Amino acid sequence: MSNNNSTAGQPTGMEKVVSLCKRRGFIFQSSEIYGGLASAWDYGPFGAELKRNLKNAWWRSVVHERDDMVGLDAAILMHPDTWKASGHAENFIDILVDCKKCKKRFRKDHLKGKCPECGANDFTEGRAFNLMMKTSLGAVEDQGSVTYMRPETAQGIFVNFSNILDTTHRKLPFGVAQIGKAFRNEITPGNYTFRTREFEQMEIEYFTKPDDADKCHEDWVQKRFQWYLDLGIKKENLRLRPHGKDELAHYAKACTDIEYNFPFGWSELEGIANRTDFDLKQHAQFSGKDLQYHDKVTNEKFFPFIIEPSGGVDRAALAFLADAYHEEKVEGSAKEDASRVVLRLSKALAPTKVAVLPLLKNRPEIVALAKKIKQELQKEFVAVYDDSAAIGKLYRRQDEVGTFYCVTVDVQSLEDKQVTVRDRDTMKQERVPVDNIRKYLTEKFSVNL
Ligand code: ATP
């Protein structure tokens with residue numbers, strides 16, 4: 001259980017993001033007090049809010065704002081035959097080799113000639129290693145009790161195809177969205193939360209007539225790409241990468257990745273695949289159930305094609321954090337070299353929308369007014385109250401976690417019934433009447449929170 005979560009050796013930009021995430025409570029190492037568990041991470045108070053916002057934004061965009069999508073929340077544990085039908089039992093493997101000199105283990109497809117550890121060129125024969133995490137159900141540990149923690153959420157959707165059709169009376173094309181945990185016994189986890197053994201996926205399985213599948217695939221690629229842009233990722237840091245024919249999974253007709261320019265290089269955020277009719281055919285064969293779609297107009301029965309946009313919540317969160325991270329000089333500050341770190345997360349994603357700060361915490365009337373304002377604002381937004389430091393420090397802390405507005409209550413507020421509202425990005429300050437503060441901020445947040 002040694003800790004190999006070290007972030008030493010990360011590119012500079014990454015080190016800064018990692019340091020901020022720890023310092024400000026976005027991400028902690030799992031089981032840190034016991035020395036940490038390799039490749040497992042806990043989301044702290046701000047990370048938990050960020051992830052919730054991310055998942056809500058996704059759900060809203062792919063379920064609530066469409067007429068052709070429904071949601072699902074399937075179990076992590078599934079009947080073991082699922083993994084035979086899906087091909088995971090047989091094909092979800094990496095080929096591993098050991099360096100005979102230093103005994104280190106590598107993925108064969110990651111090796112370029114010599115051992116990256118000791119430089120030798122003497123490896124064992126490749127051995128197949130299945131990435132699924134095995135577990136056993138119930139008190140008796142025998143072959144019959146073995147199943148797996150799902151390596152993707154998708155299969156939960158395929159096996160519920162008939163249930164969803166029967167209960168919602170959908171017509172093609174329609175899709176099912178799901179967010180949930182997935183587990184893979186990755187050989188080389190790393191790059192912080194980018195590749196871990198436990199992670200969360202946001203997946204869509206979109207069922208369509210075979211003839212419409214190519215067009216549908218292209219539509220989803222564009223829609224999913226735009227979603228990242230709409231939530232604030234800089235365009236120059238996002239690109240599409242269509243897979244070459246030699247890269248495609250055996251069942252896929254086409255696949256395009258959405259990649260983000262992480263500090264450690266361009267890497268996959270989400271893959272959008274045309275899975276053909278492979279999945280439903282396989283499950284029909286293995287379960288013996290009729291999983292064909294019956295078109296009542298033409299009276300045809302057929303297996304729909306499936307378009308699958310499949311993204312990682314953790315990878316998306318990391319991309320949004322890296323993209324939002326800014327260090328900048330503070331203009332007009334008394335100190336020559338004053339600078340600040342500011343997390344320019346979009347309004348929808350910012351973990352806290354408003355912080356209410358009393359200028360003097362030893363003045364009970366100021367504290368009381370600040371707390372009253374916080375209670376009023378929390379009806380509308382995620383708002384926090386903080387009096388644990390001097391105002392300059394409080395502003396810096398809120399900037400670092402991406403809080404959009406700070407509302408400061410000072411001595412003057414008691415007389416003129418106005419407070420100061422500070423904008424995170426421009427740092428401009430404005431006096432706003434207390435009676436108007438909720439309306440003022442609601443108008444500022446034009447997006448649906
Ligand atoms: P990679 O090539 O990086 O291993 P993949 O192509 O195997 O990824 P998929 O099976 O397409 O990944 O899974 C869909 C999405 O799930 C990925 O785009 C990614 O966002 C996320 N994901 C997959 N594996 C991991 C992991 N080990 N840690 C974190 N997220 C992951």
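Each value, and the rule that gives it
Residues numbered from 1 in each chain as written. Predicted model: local features only at pLDDT ≥ 70, side-chain atom pairs only at ≥ 80, totals over all residues. Heavy atoms only, no water. Domains from an automatic or database assignment. Contact = heavy atoms within 4.5 Å. Buried area = accessible area lost by both parts, 1.4 Å probe. Salt bridge = Lys/Arg side-chain N within 4 Å of Asp/Glu carboxyl O. Polar contact = N/O pair within 3.5 Å; in protein donor to acceptor, adjacent residues only side chain to side chain. Helix = DSSP H or I, 4+ residues; strand = E, 2+ residues; numbered from the N terminus. Phe/Tyr/Trp six-rings, centres within 6.5 Å; stacked < 30°, edge-to-face > 60°. Lys NZ or Arg CZ within 6 Å of the ring centre and 35° of its normal. Near = heavy atom within 4 Å. Areas by Shrake-Rupley, 256 points an atom, 1.4 Å probe, with all protein chains shown as cover. Nonpolar A, V, L, I, M, F, W, Y, C, P; charged D, E, K, R; others polar. Pairing = 2+ DSSP bridges. Axes fitted to C-alpha atoms, helices over the stretch in contact; angles between N-to-C directions. Left-handed = near helix turned anticlockwise from the far one by under 90°. Core = buried A, V, L, I, M, F, W, Y, C linked by side-chain atoms within 4.5 Å. Buried < 20%, exposed > 50% of the residue type's maximum accessible area, 1.4 Å probe, protein only.

## Comments concerning the domain arrangement of the protein
Much of the literature gives interface size as the accessible area that the parts lose upon coming together.
Thought 1: You can read the domains of the protein as domain 1 (13–82 + 151–321) and domain 2 (352–445).
Thought 2: Distance from the C-alpha centre of domain 1 to the C-alpha centre of domain 2: 38 Å.
Thought 3: The interface is formed by 6 residues belonging to domain 1 together with 5 residues belonging to domain 2.
Thought 4: In total, about 560 Å² of surface goes out of reach between domain 1 and domain 2, with carbon and sulfur atoms giving 53% of it.
Thought 5: In this assembly, domain 1 and domain 2 are joined by 2 salt bridges.
Thought 6: For the salt bridge of Arg 23 with Glu 400, the shortest nitrogen-to-oxygen distance reads 2.9 Å.
Thought 7: There are 2 residue pairs in polar contact (both at pLDDT 80 or more) connecting domain 1 and domain 2.
Thought 8: Looking at the side of domain 1 that touches domain 2, the elements with two or more residues in it are helix 1 (12–23) and helix 2 (45–64).

## Points about the packing of aromatic side chains
Thought 1: Going through the model one piece at a time under the given rule, you end up with 20 aromatic pairs.
Thought 2: A centroid spacing of 5.0 Å and a plane angle of 45 degrees characterise the contact between Phe 381 and Phe 445, whose relative ring orientation is tilted. Placement of Phe 381 in the loop between helix 10 (364–377) and strand 20 (383–385) and of Phe 445 in the segment after helix 13 (437–444) is noted, with a sequence separation of 64 residues between them.
Thought 3: The positively charged end of Arg 422 is found above the aromatic ring belonging to Tyr 395, 4.3 Å away from the centroid.
Thought 4: Residue placement shows Arg 424 over the ring face of Phe 404; its charged tip is 4.0 Å from the ring centre.

## Looking at the site of the ligand
Thought 1: Around the ligand, the structure places 15 residues, and the nearest of them are Glu 186, Arg 195, Thr 196, Glu 268 and Gly 312.
Thought 2: Backbone polar atom of Phe 194 to a nitrogen atom of the ligand: 3.3 Å apart, as the coordinates give it.
Thought 3: In this structure, Leu 269 approaches the ligand through a main-chain N or O atom, which is 2.9 Å from an oxygen atom.
Thought 4: For the ligand, the protein covers 79% of the area, taking 590 Å² as the surface of the free molecule.
Thought 5: Among the elements that take part in the shell around the ligand, strand 13 (residues 265–274) stands out by supplying 4 residues, more than any other.
Thought 6: Of the residues in the shell around the ligand, the class split is 3 nonpolar, 6 polar and 6 charged.

## Some thoughts on the sheet that holds strand 22 (residues 418–423)
Thought 1: Reading across from one edge, 20-19-21-22-23 is the order of the 5 strands in this open sheet, with mixed pairing throughout. Of all strands in the sheet, those bounded by a partner on one side alone are strand 20 and strand 23 (429–433). Ignoring which end each strand starts from, the neighbouring axes of this sheet average 25 degrees apart.
Thought 2: Of the strand pairs in this sheet, strand 21 (residues 405–409) and strand 22 are connected by 4 bridges, and their pairing is antiparallel. Following the sheet pairing, Thr 408 is matched in strand 22 by Thr 420.

## Regarding the packing of helix 2 against helix 7 (residues 213–230)
Thought 1: Axis separation between helix 2 and helix 7 bottoms out at 12 Å; the angle between their running directions is 145 degrees. The crossing of helix 2 and helix 7 is right-handed. Residues Leu 54, Ala 57, Trp 58, Ser 61 and Val 62 of helix 2 lie in contact with helix 7, whose contacting residues are Trp 220, Arg 224 and Trp 227.
Thought 2: Of the residues contributing to the contact of helix 2 with helix 7, the split by class is 6 nonpolar, 1 polar and 1 charged.

## Considerations on the nonpolar core
Thought 1: In this structure, Phe 320, Ile 373, Leu 377, Val 407 and Leu 441 are the most contacted members of the largest nonpolar core, which totals 78 residues.
Thought 2: With 9 residues, helix 9 (residues 313–324) is the largest single contributor of residues to this core.
Thought 3: Per-domain counts for this core show at least three residues from each of domain 1 (13–82 + 151–321) and domain 2 (352–445).
Thought 4: The residues contacting Phe 320, other than those within four sequence positions of it, are Leu 54, Trp 227, Tyr 228, Leu 231, Gly 232, Ile 233, Leu 345 and Leu 349.
Thought 5: In terms of nonpolar packing, the next biggest core, distinct from the first, is built from 20 residues, Ala 74, Val 176, Ala 284 and Ile 306 among them.

## Details of unusual backbone geometry
Apart from glycine, the bulk of residues carry a negative phi angle, and the bulk of peptide bonds sit in the trans form.
Thought 1: Here the bond from Leu 172 into Pro 173 is cis, since omega is -5 degrees, no more than 30 degrees from zero.
Thought 2: Tracing the sequence through the fold places Pro 173 in the loop between helix 6 (161–168) and strand 9 (174–183).
Thought 3: Phi at Asn 191 is positive, roughly 55 degrees, even though this residue is not glycine.
Thought 4: With respect to the helices and strands, Asn 191 occurs in the loop between strand 9 and strand 10 (198–208).

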